[in-house]
Amino acid sequence: MWKKIYAWLDERLGFDDMYKMLLDRPEPHGNWWNTLGSASLFLFLLQGTTGIFLTVYYTPSPDHAYDSIQYIMNGVAYGWLVRGIHHWGASLMVLIVFIHMLRVFFSASYKYPRELTWMVGSLLFLLTLSMGFTGYLLPFNQRAYWATVVGTNIGGVVPGVGPMILKVLRGGTDVSALTLSRFFSAHIWMLPATLAALIGVHLYLIMRHGESAYPDADD
Amino acid sequence: MASNRISRRDFVKVTTAALGSIMTVALGIPFISYLIDPALKTESGEAWIPLGPLDSFPIGTPKAFSFTRSHINGWEKTVNSYGGFILRKSETKLIALSNRCTHLSCSVNWNEEANEYICPCHDAHFGPEGEVHDGPPPTPLDRFETKEEDGNLYILFPAVPAQEG
């Protein structure tokens with residue numbers, strides 16, 4: 001019965017081909033450092049899932065942001081767990097993505113033909129940092145507020161266009177309700193959408209070129 | 001397979017499936033609870049409201065009382081005011097009426113000369129015990145349950161306020 005259903009679906013969707021292409025690829029002899037890319041992907045999915053769940057109760061307005069998070073932490077069943085995973089997962093993701101980048105650098109995996117994978121990966125790292133920066137404001141407590149004041153001020157000292165960058169980041173001259181709502185928008189829509197698209201490109205390139213083998217004495 | 005030994009490939013498959021299932025369940029249960037949490041909360045708004053010593057209410061004429069109830073929904077707290085009248089018919093018998101007109105929820109006032117509760121909105125008239133004398137209200141004024149303890153009067157604030165119809 002199940003075999004029949006599977007065969008019917010497989011004939012049309014091609015599970016077996018997909019499995020061969022996506023997961024059953026030949027791998028060079030590697031070690032645990034080679035798992036960091038998968039770990040980054042897993043953390044991205046985990047952050048996405050917990051983030052979506054947090055939006056059920058979180059309210060991105062200065063009047064309610066702090067209170068709604070207090071409610072998630074103290075009033076909702078397992079709210080502390082969902083937010084805890086998102087909070088610690090964020091730090092872990094920055095760390096893991098960075099170590100992944102170091103691994104690629106030290107094993108020289110960025111060289112021909114994988115330069116594009118490296119470039120896209122660099123963008124992914126910057127986007128991960130942006131996710132951290134925008135997410136940090138959302139609790140809208142003192143630390144979040146002042147971190148954003150300082151962080152956006154750094155953008156403001158760029159010669160020439162600094163004041164413009166500052167206003168674009170803040171949605172005005174001050175950190176305000178507009179800052180919170182645009183950081184929220186960036187944090188849950190723009191940055192994750194870009195991240196997901198670039199992760200797709202990154203994975204496609206990895207599948208196309210295969211994983212790099214560690215250089216040996218002859219290289 | 002002739003050999004009883006599990007192949008490396010199968011071991012990895014089984015381990016991945018097992019760990020994946022454990023993680024799915026370990027995360028799935030809390031996450032579903034998180035989503036359906038508001039439905040799991042039971043909130044009983046029912047409470048006995050103290051109105052002070054019974055002796056402070058005169059026998060024969062209605063005396064107004066008022067109280068507030070706060071309601072917390074998520075992180076939002078709303079405070080509603082309620083009021084009514086105590087009419088002591090004798091030493092032992094009394095009735096507690098809500099002052100919400102049963103027509104459109106305006107507050108009725110006691111009018112001593114007319115010996116009636118009169119609603120300012122649409123000129124509804126209620127008798128001293130809440131019965132409709134004149135005007136548009138469909139039903140008599142709502143009553144609160146009452147009790148007396150150690151000389152103090154209490155009324156029962158209902159679980160589902162009839163006023164919020």
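Residues numbered from 1 in each chain as written. Chains lettered and ligands numbered in written order. Predicted model: local features only at pLDDT ≥ 70, side-chain atom pairs only at ≥ 80, totals over all residues.

Enquirer: Got a minute to help me understand the overall build of chain A in this structure?
Expert: For chain A, the count of helices and strands is nine helices and zero strands. Scanning chain A from its N terminus toward the C terminus, one meets helices and strands in the order α-α-α-α-α-α-α-α-α. In terms of principal-axis extent, the alpha carbons of chain A reach across some 55 × 55 × 30 Å. Looking at chain A residue by residue over its 219 residues, the buried ones come to 23%. For chain A, long-range pairs separated by at least 24 residues make up 71% of all intrachain contacts whose partners lie at least 6 apart in sequence. (Helix = DSSP H or I, 4+ residues; strand = E, 2+ residues; numbered from the N terminus. Buried ≥ 20, exposed ≤ 12 C-beta atoms within 10 Å, placed from the backbone. Contact = placed C-beta atoms within 7 Å.)

Enquirer: Sorry, what's going on with the overall build of chain B here?
Expert: The helix and strand tally for chain B stands at one helix and 10 strands. Here the C-alpha atoms of chain B give a radius of gyration of 29 Å, more than 25% beyond the 15 Å that 2.2 N^0.38 yields for 165 residues. Seen through its principal axes, chain B has C-alpha atoms that stretch 105 × 40 × 25 Å. Of all 165 residues assigned to chain B, the portion counted as buried reaches 16%. Considering only contacts in chain B between residues 6 or more positions apart, those separated by 24 or more positions represent 42%. (Rg over C-alpha atoms; globule rule 2.2 N^0.38 Å.)

Enquirer: Looking at this model, I keep getting lost on the sheet that holds strand β1 (residues 47-53) of chain B. Mind explaining?
Expert: Note: strands within a sheet are paired through backbone hydrogen bonds, in either parallel or antiparallel orientation. All names here are of chain B. Pairing within the open sheet is antiparallel, and its six strands lie in the order β1-β10-β9-β4-β3-β2. Because the sheet does not close on itself, it has two edges, and the strands there are β1 and β2 (63-73). Strand-to-strand twist of the sheet, defined as the mean angle between neighbouring strand axes without regard to direction, takes the value 35 degrees. (Pairing = 2+ DSSP bridges. Axes fitted to C-alpha atoms, helices over the stretch in contact; angles between N-to-C directions.)

Enquirer: Please explain helix α1 (residues 2-13) of chain A as it appears in this structure.
Expert: Structurally, the α-helix is built with 3.6 residues per turn, so residues lying three or four positions apart point the same way. Residues and elements named next belong to chain A. Its 12 residues give α1 an end-to-end C-alpha distance of 16 Å, which sits within 8% of 16 Å, the value for a rise of 1.5 Å per residue. Across the 12 residues that make up α1, only a small minority, zero, are buried. Looking one or two residues past α1, Gly 14 carries a phi angle of roughly 75 degrees, positive in sign. (Expected span 1.5 Å × (residues − 1).)

Enquirer: Whenever I open this one, the domain arrangement of chain B confuses me. Can you help?
Expert: Many authors give the size of an interface as the accessible area that is lost as the parts come together. Here the domain parsing of chain B yields domain 1 (1-41) and domain 2 (47-164). When each unit is reduced to the centre of its C-alpha atoms, the spacing between domain 1 of chain B and domain 2 of chain B is 58 Å. (Domains from an automatic or database assignment.)

Enquirer: How should I be thinking about the confidence of the model for chain B in this particular structure?
Expert: In regions of low pLDDT, the predicted coordinates are not meant to be interpreted in detail. Residue and element names in this part refer to chain B. Mean pLDDT over chain B: 86, with 95% of residues reaching 70 or higher. No element of chain B has a lower mean pLDDT than β2, which averages 87, and none a higher one than helix α1 (residues 8-40), which averages 93. Considering only residues more than four positions removed or in separate chains, one finds that residues 161-165, a stretch of pLDDT under 50, has five contacts. (pLDDT = per-residue confidence, 0-100.)

Enquirer: Can you help me understand unusual backbone geometry in this one?
Expert: Among all residues except glycine, the phi angle is most often negative; among peptide bonds, the trans geometry is most common. The linkage connecting Tyr 112 of chain A with the following residue, Pro 113 of chain A, adopts the cis geometry, with an omega of 5 degrees. In this structure, Pro 113 of chain A sits in the loop between α5 (79-106) and α6 (115-137). Here Asn 115 of chain B, not a glycine, exhibits a phi torsion of approximately 55 degrees, which is positive. Among the secondary structure elements, Asn 115 of chain B is positioned in the loop between β5 (109-111) and β6 (116-118). Overall, Asn 115 of chain B belongs to the partly exposed group, with 13 C-beta atoms counted inside 10 Å.

Enquirer: Would you mind going over the nonpolar core with me for this structure?
Expert: Of all hydrophobic cores here, the largest spans 18 residues; its most connected members are Val 82, Leu 138 and Leu 180 of chain A. Secondary-structure elements contributing two or more residues to this core are α3 (36-54), α4 (65-74), α5 and α9 (177-209) of chain A. With four residues, the single largest contributor to this core is α9 of chain A. Leu 51, Ile 86, Leu 97 and Ile 155 of chain B belong to the second largest nonpolar core, which has 17 residues in total. (Core = buried A, V, L, I, M, F, W, Y, C linked by C-beta atoms within 7 Å.)

Enquirer: Mind showing me how you'd approach the sheet that holds β6 of chain B here?
Expert: Residue and element names in this part refer to chain B. Read from one edge of the open sheet, four strands run β5-β6-β7-β8, paired in antiparallel fashion. Both edges of this open sheet fall to β5 and β8 (132-134), since each of them pairs with a single strand only. The pairing of strand β7 (residues 125-126) with β8 spans two bridges and is antiparallel. The residue of β8 that forms the bridge with His 125 is Asp 134.

Enquirer: When you look at the pairing of strand β4 (residues 94-98) of chain B in this model, what are you seeing that I'm missing?
Expert: Residues and elements named next belong to chain B. Bridge count for strand β3 (residues 76-88) against β4 is five bridges, and the pairing is antiparallel. Bridging from a neighbouring strand, Arg 88 pairs with Leu 94 of β4. What sits between the antiparallel neighbours β3 and β4 is a turn of five residues. Sheet topology places β4 next to strand β9 (residues 143-149); two bridges connect them, and they run antiparallel.

Enquirer: Hey, could you run me through the interface of chain B and chain A in this one?
Expert: Contacts between chain B and chain A engage nine residues on the former and 13 residues on the latter. Class assignment for the residues of the side of chain B that touches chain A results in six nonpolar, two polar and one charged. (Nonpolar A, V, L, I, M, F, W, Y, C, P; charged D, E, K, R; others polar.)

Enquirer: When you look at the environment of Asp 134 of chain B in this model, what are you seeing that I'm missing?
Expert: All names here are of chain B. Topologically, Asp 134 is positioned in strand β8. When the C-alpha atoms of Asp 134 and Ala 124 are compared, they prove to be 5.6 Å apart, with 10 residues separating the residues in sequence. Asp 134 has contacts with Ala 124 and His 125, leaving out every residue within four places of it along the chain.

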